[in-house]
Amino acid sequence: KAGVTQTPRYLIKTRGQQVTLSCSPISGHRSVSWYQQTPGQGLQFLFEYFSETQRNKGNFPGRFSGRQFSNSRSEMNVSTLELGDSALYLCASSFDAGGNSPLHFGNGTRLTVT
Amino acid sequence: DQQVKQNSPSLSVQEGRISILNCDYTNSMFDYFLWYKKYPAEGPTFLISISSIKDKNEDGRFTVFLNKSAKHLSLHIVPSQPGDSAVYFCAVTDSWGKFQFGAGTQVVVTP
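Residues numbered from 1 in each chain as written. Chains lettered and ligands numbered in written order. Predicted model: local features only at pLDDT ≥ 70, side-chain atom pairs only at ≥ 80, totals over all residues. Heavy atoms only, no water.

Visitor: When you look at the overall build of chain B in this model, what are you seeing that I'm missing?
Guide: Broken down by element type, chain B carries zero helices and eleven strands. Sequence-ordered secondary structure for chain B, helices as α and strands as β, is β-β-β-β-β-β-β-β-β-β-β. For chain B, whose C-alpha radius of gyration is 13 Å, the value lies close to the compact-globule estimate of 13 Å for 111 residues. Judged by the C-alpha coordinates and their principal axes, chain B covers about 40 × 25 × 20 Å. Buried residues in chain B amount to 43% of all 111 residues. Of all intrachain contacts in chain B linking residues separated by at least 6 positions in sequence, the fraction that spans at least 24 positions is 52%. A total accessible area of about 5,400 Å² is found for chain B, and carbon and sulfur atoms account for 51% of it. When the 10 basic and 10 acidic side-chain charges of chain B are each reduced to a single mean position, those positions are 2 Å apart. (Helix = DSSP H or I, 4+ residues; strand = E, 2+ residues; numbered from the N terminus. Rg over C-alpha atoms; globule rule 2.2 N^0.38 Å. Buried < 20%, exposed > 50% of the residue type's maximum accessible area, 1.4 Å probe, protein only. Contact = heavy atoms within 4.5 Å. Areas by Shrake-Rupley, 256 points an atom, 1.4 Å probe, with all protein chains shown as cover. Lys, Arg positive; Asp, Glu negative; His and termini not counted. Charge placed at Lys NZ, Arg CZ, Asp CG, Glu CD.)

Visitor: Explain the sheet that holds strand S8 (residues 72-77) of chain B here, please?
Guide: The strands that make up a sheet pair up through hydrogen bonds in the backbone, lying either parallel or antiparallel. Residue and element names in this part refer to chain B. Here we have five strands laid out as an open sheet, ordered S1-S3-S8-S7-S6, and antiparallel in their pairing. Looking at which strands have only one partner, the edges of the open sheet turn out to be strand S1 (4-5) and strand S6 (56-59). With six bridges joining them, strand S3 (residues 19-25) and S8 adopt antiparallel strand pairing. Paired with Asn22 across the strands is Ser74, a residue of S8. (Pairing = 2+ DSSP bridges.)

Visitor: Which parts of the structure should I look at to understand the pairing of S6(B)?
Guide: Consecutive side chains of a regular strand alternate in pointing toward one face of the sheet and then the other. All names here are of chain B. Note that S6 and strand S7 (residues 62-67) share four bridges and pair antiparallel. Each residue of the ladder has a partner; that of Asn57, found in S7, is Val64. Between S6 and S7, which follow one another and run antiparallel, lie two residues, and Gly60 among them has a positive phi close to 65 degrees.

Visitor: Is there a simple way to think about a nonpolar patch on the surface in this case?
Guide: Residue and element names in this part refer to chain B. Taken together, the side chains of Ile18, Ile20 and Val78 make up a nonpolar region of the molecular surface, amounting to roughly 220 Å² of accessible area. Within the secondary structure, Ile20 is located in strand S3. Residue class for Ile20 comes out partly exposed when judged on its relative accessible area of 37%. (Patch = residues over 30% accessible without salt bridge, like charges linked within 9 Å, V, L, I, M, F, W, Y side chains within 5 Å. Salt bridge = Lys/Arg side-chain N within 4 Å of Asp/Glu carboxyl O.)

Visitor: Can you help me understand the sheet that holds strand S1 (residues 5-7) of chain A in this one?
Guide: All names here are of chain A. Sheet architecture is open: four strands sit in the order S1-S3-S8-S7, paired in antiparallel fashion. Whereas interior strands pair on both sides, the edge strands pair on one side only; in this sheet they are S1 and strand S7 (64-68). Each adjacent strand pair in this sheet contributes to an overall mean axis angle of 20 degrees, direction not counted. Bridge count for S1 against strand S3 (residues 19-24) is three bridges, and the pairing is antiparallel. Paired with Thr5 across the bridge in S3 is Ser24. (Axes fitted to C-alpha atoms, helices over the stretch in contact; angles between N-to-C directions.)

Shape descriptors only; they carry no functional weight alone.
Following this line, the structure appears as structure tokens:
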């Protein structure tokens, strides 16, 4: 069974640009979550999608948005990039929502904003 | 407000000995607890979990203990192996499914 796939692995953008990250969950998993990992802040929850609906949202500004498609694939968009957005962005999928099944993570997209 | 804390940023243990990692949480509504391992340049890998109705769960060399009254979670790795050198995160969630992660503990297993 293929794991969670994130593309691209690395991205370099300049301030003010926008970026879209992509995530393909494990086959059969319907919930997709996004996390930001930085050295000082650890793993910070961005949002969760289930059946194409945003189910949970973390404390990030509106520049961070996401969506989920009917095949459960998800995209995350960050507009008007700031230097502080440089981080590892992790996508995770789980079979179900509701906190009863573990998250399975992809290897992340390393975003560098210059 | 950090509701999940791993107070030891690092742990060094000899190969073959026991590694004990600790995690404390503040909200008694959390009912599902997990441990993840992370190597550099990879995403976290799920290790083991426990629900609030249990106090122990074992999977091979990994055992998770839950003390609900103390709001404390621990992971025991016995015996520790060089491949166990990684960052370990504890995670908690409630019935709504919003996961929260600790800051991580770097484990180094020495020969």
